[in-house]
Amino acid sequence: MAGERRNLGLGVGAAIVAMGLGTAFGSVVLDRSDPATGPSEAALKKATSTKTPKNVIFLIGDGMGVQEITAARYYQGAKEPLTVDKLPFTGFDTTWSVKPGSGKLLPDYNPDSASTASMWATGRKTIDERISQGPSTAEDVPGKNLVTVLERYQERGQRVGNVTTAEVTDASPASLASHMSVRACQGPENMDNCPLETKQAGGLGSIAEQEADHELDVLLGGGQGRFEQTITGGPDVGKTVIESAQENGTRYVTDAASLDAVSGDEPVLGLFSTGTMALEWSGPAATTGKGNAPVACTEGQRPPEQPSLAAMTKKALELLKNRKGFFLQVEGASIDKQDHLANACGQIGETVAFNRAIRQALSFQRNNPRTLIVVSADHSMANQIVAEDSEGSTLPTGYSANLRTRDGQTLTLTYGTSGYGGPGSAPTASPPSQQHTGAVVPVWAKGPGAIKVLGTNDQTDLFKTLGG
Ligand SMILES: [Zn+2]
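Given the structure is predicted, the values throughout are model-derived calculations rather than measurements.

Novice: What is the right way to read the overall build of the protein chain from this model?
Specialist: On a plain count of helices and strands, the protein chain comes out with 15 helices and 18 strands. Whereas a compact globule of 468 residues would reach a radius of gyration of roughly 23 Å, the protein chain reaches 23 Å, a difference of no more than 12%. Dimensions of the protein chain, computed from C-alpha atoms along their principal axes, come out at roughly 80 × 55 × 50 Å. In the protein chain, which comprises 468 residues, the share counted as buried stands at 54%. Counting contacts in the protein chain only where the partners sit at least 6 residues apart, residues at least 24 apart contribute 72% of the total. Roughly 19,100 Å² of accessible area belongs to the protein chain as shown, and the carbon and sulfur atoms make up 54% of that amount. When the 41 basic and 50 acidic side-chain charges of the protein chain are each reduced to a single mean position, those positions are 10 Å apart.

Novice: How do you make sense of the side chain of T250 when you look at a structure like this?
Specialist: Relative to the helices and strands, T250 is located in the loop between helix 10 (241–247) and strand 7 (251–253). Residue T250 is classed as buried on the basis of its relative accessible area, which comes to 10%.

Novice: Would you mind showing me how to read the pattern of salt bridges here?
Specialist: Pairing is possible between side chains of opposite charge, provided their charged atoms come close. Taken as a whole and assessed by the stated rule, the structure comprises 15 salt bridges. We note a salt bridge from D170 to R183, for which the minimum N-O separation is 3.6 Å. Placement of the pair is D170 in the loop between strand 5 (159–167) and helix 7 (171–177) and R183 in the loop between helix 7 and helix 8 (207–214), with a sequence separation of 13 residues. Exposure remark for D170: the relative accessible area of 12% places this residue in the buried category.

Novice: What's the story with the coordination of the zinc ion in this structure? I'm lost.
Specialist: On the protein side, the zinc ion has D336 (OD), D336 (OD), H340 (NE2) and H436 (NE2) as donor atoms, found 2.0 to 2.7 Å from it. Angles of 54 to 152 degrees at the metal separate the four donor atoms of the zinc ion, which places the site in the irregular class. For the zinc ion, all donor residues lie on one chain, and their spacing in sequence is D-x3-H-x95-H. Taken as a pair, H340 in helix 13 (residues 334–340) and H436 in strand 16 (residues 436–437) lie far apart in primary sequence, 96 residues in all. Taken as a pair, H340 and H436 share a single burial class, namely buried.

Novice: Which parts of the structure should I look at to understand the confidence of the model for the protein chain?
Specialist: Should the pLDDT be low somewhere, the predicted coordinates at that spot are not to be read in detail. With 91% of its residues at a pLDDT of 70 or more, the protein chain has an overall mean of 90. Confidence drops under a pLDDT of 50 for residues 1–35, and excluding neighbours within four residues, the segment shows 24 contacts in the predicted structure.

Novice: What is the right way to look at the packing of helix 4 (residues 66–76) against helix 14 (residues 344–367) in this model?
Specialist: Pairs of packed helices are described in terms of their axes, by the angle between the two and the distance that separates them. It is the contact of helix 4 with helix 14, at a shortest axis distance of 9 Å, that shows an interaxial angle of 90 degrees. Here helix 4 lies roughly perpendicular to helix 14, going by the angle between them. For the pair formed by helix 4 and helix 14, the contact residues are E68, I69, A71, A72, Y75 and Q76 on the first element and Q347, I348, T351, V352 and N355 on the second.

Novice: When you look at the sheet that holds strand 11 (residues 371–377) in this model, what are you seeing that I'm missing?
Specialist: Each strand in a sheet pairs with its neighbour through backbone hydrogen bonds, running either in the same direction (parallel) or in the opposite one (antiparallel). Here we have ten strands laid out as an open sheet, ordered 7-8-6-5-10-1-11-17-2-18, and mixed in their pairing. Looking at the sheet topology across the chains shown, the edges are occupied by strand 7 and strand 18 (455–458). The sheet shows a mean angle of 15 degrees between the axes of neighbouring strands, taken without regard to direction. For strand 5 and strand 6 (residues 218–222), the ladder comprises four bridges, and the chain directions are parallel.

Novice: It is not clear to me how unusual backbone geometry should be interpreted in this structure. Could you clarify?
Specialist: Leaving glycine aside, a negative phi is the common case for residues, and trans is the common case for peptide bonds. A positive phi angle, close to 45 degrees, is found at S132, a residue other than glycine. Position of S132 among the secondary structure elements: in the loop between helix 5 (113–122) and helix 6 (149–155). For S132, a relative accessible area of 0% corresponds to the buried category. Phi is positive for E215, close to 45 degrees, though the residue is something other than glycine. Relative to the elements of secondary structure, E215 occurs in the loop between helix 8 and strand 6. Given the relative accessible area of 35%, E215 is considered partly exposed.

Novice: In this structure, what is going on with the sheet that holds strand 15 (residues 410–415)? I would like to understand it.
Specialist: Taken in spatial order, the four strands make up an open sheet running 9-14-15-13, and their pairing is antiparallel. Each edge of the open sheet is held by one strand with a lone partner, namely strand 9 (287–288) and strand 13 (383–386). Across the sheet, helix 4 lies against strand 13, strand 14 (399–404) and strand 15, angled at about 45 degrees from strand 13, the strand it touches most. Sheet strands touched by helix 14: strand 13, strand 14 and strand 15. Its angle to strand 15, the strand with the most contacts, is close to 105 degrees.

Novice: In this structure, what is going on with the environment of G77? I would like to understand it.
Specialist: By secondary structure assignment, the location of G77 is in the loop between helix 4 and strand 2 (89–94). Considering only alpha carbons, one finds G77 and Q409, 332 residues apart in sequence, at a separation of 9.4 Å.

Conventions adopted
Residues numbered from 1 in each chain as written. Predicted model: local features only at pLDDT ≥ 70, side-chain atom pairs only at ≥ 80, totals over all residues. Heavy atoms only, no water. Helix = DSSP H or I, 4+ residues; strand = E, 2+ residues; numbered from the N terminus. Rg over C-alpha atoms; globule rule 2.2 N^0.38 Å. Buried < 20%, exposed > 50% of the residue type's maximum accessible area, 1.4 Å probe, protein only. Contact = heavy atoms within 4.5 Å. Areas by Shrake-Rupley, 256 points an atom, 1.4 Å probe, with all protein chains shown as cover. Lys, Arg positive; Asp, Glu negative; His and termini not counted. Charge placed at Lys NZ, Arg CZ, Asp CG, Glu CD. Salt bridge = Lys/Arg side-chain N within 4 Å of Asp/Glu carboxyl O. Donors = N, O, S within 2.8 Å, 3.2 Å for Na, K, Ca; no water. Tetrahedral: all angles 85-135°; square planar, octahedral: opposite > 155°, others 65-115°. pLDDT = per-residue confidence, 0-100. Axes fitted to C-alpha atoms, helices over the stretch in contact; angles between N-to-C directions. Parallel < 35°, antiparallel > 145°, perpendicular 65-115°, else oblique. Pairing = 2+ DSSP bridges.

Structure (structure tokens):
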């Protein structure tokens with residue numbers, strides 16, 4: 001890395017000399033780059049293997065479209081590779097969900113994280129707000145429960161894990177081990193929108209209850225608040241969801257040190273915050289017009305008692321490793337959440353932390369080559385990299401933030417669809433916050449079967465790729 005930095009300095013100098021001499025500026029700059037060499041012969045052979053992978057690790061950057069991954073890349077240094085670049089096979093997935101029309105389903109170009117997660121979890125399209133249930137005529141009419149990729153692994157007697165920086169009951173993790181008509185029905189006391197699905201009504205209960213009942217081998221993230229709620233129906237009535245899980249033999253940990261100490265095969269539930277887990281970085285609030293004077297982000301903001309996404313991933317892999325193979329999903333959830341809030345440093349810090357989790361997966365794969373790694377995003381967002389030197393009438397509309405990158409340059413990010421808080425005010429948080437968009441998302445892969453992600457596919461195709 002240090003060598004790369006030195007090269008960059010020399011390259012800029014060489015480019016300036018080249019300009020003065022009237023030679024090809026572009027070629028001088030490009031000469032100092034290390035062009036992507038493409039997949040090696042060994043990687044190609046492995047990727048085209050028809051053998052079913054023993055282990056599958058799926059890493060999902062929530063809201064991590066091409067612009068978010070590029071913003072993190074440029075912030076770190078334009079020539080600095082991201083860990084995701086080590087995955088040699090890349091394609092695109094369309095992410096459209098469906099909405100009820102008159103007697104038929106119509107495409108919805110701008111999906112939410114519930115319908116998108118349900119796509120890879122079940123291989124089927126559904127309506128927004130829905131968790132691994134088929135579509136119906138309205139949100140308050142439950143759809144048909146659909147078998148999930150995680151349930152398929154459990155049916156085959158294989159181990160399963162689910163790791164996130166969100167509440168474990170949030171849409172992306174929820175889609176693996178629960179079925180719900182409305183994503184907000186996360187705990188026993190949050191069932192107002194799902195009255196037909198409570199345990200007392202004969203349903204499967206809230207998302208937290210269903211996750212506890214699934215006895216996942218590893219379930220790590222935030223969301224203590226949901227699991228501390230009291231169960232109101234069924235055999236465990238009167239107990240909290242945590243107590244219900246513990247009675248089934250699940251171990252419960254709440255800080256990084258306790259997670260570190262866990263070993264053995266019994267299920268582990270780790271909840272490290274009341275709600276969403278703490279952010280890695282902080283920085284300037286987005287403002288209208290030209291935005292703030294460029295500043296670097298403040299790193300190292302996560303309290304040490306909360307494990308990083310990389311630490312949770314490493315531990316999950318250690319606990320899941322077994323003779324019969326496993327499925328693990330890892331979500332970097334707050335890329336999306338901070339993008340909604342037009343928080344550039346928050347968003348980039350979470351993207352960098354997500355890449356550190358990918359590094360853990362690659363490290364595991366090196367010692368366990370029958371492992372397929374797939375990385376993607378659930379949907380794109382309206383964040384964009386725009387010109388840093390705008391003045392007057394060419395100023396970006398809406399909110400923007402200016403960051404000083406490690407190359408010493410200004411990276412200007414706009415949040416063009418953020419809710420307007422009025423002159424001089426921060427963007428409104430919710431709603432209307434910065435929006436999702438309908439653009440395709442990248443999919444990267446490495447390992448047996450990785451070639452399936454090539455080209456442009458649909459997010460529902462991931463279900464089979466992941467072993468569903
Ligand atoms: Zn979102």
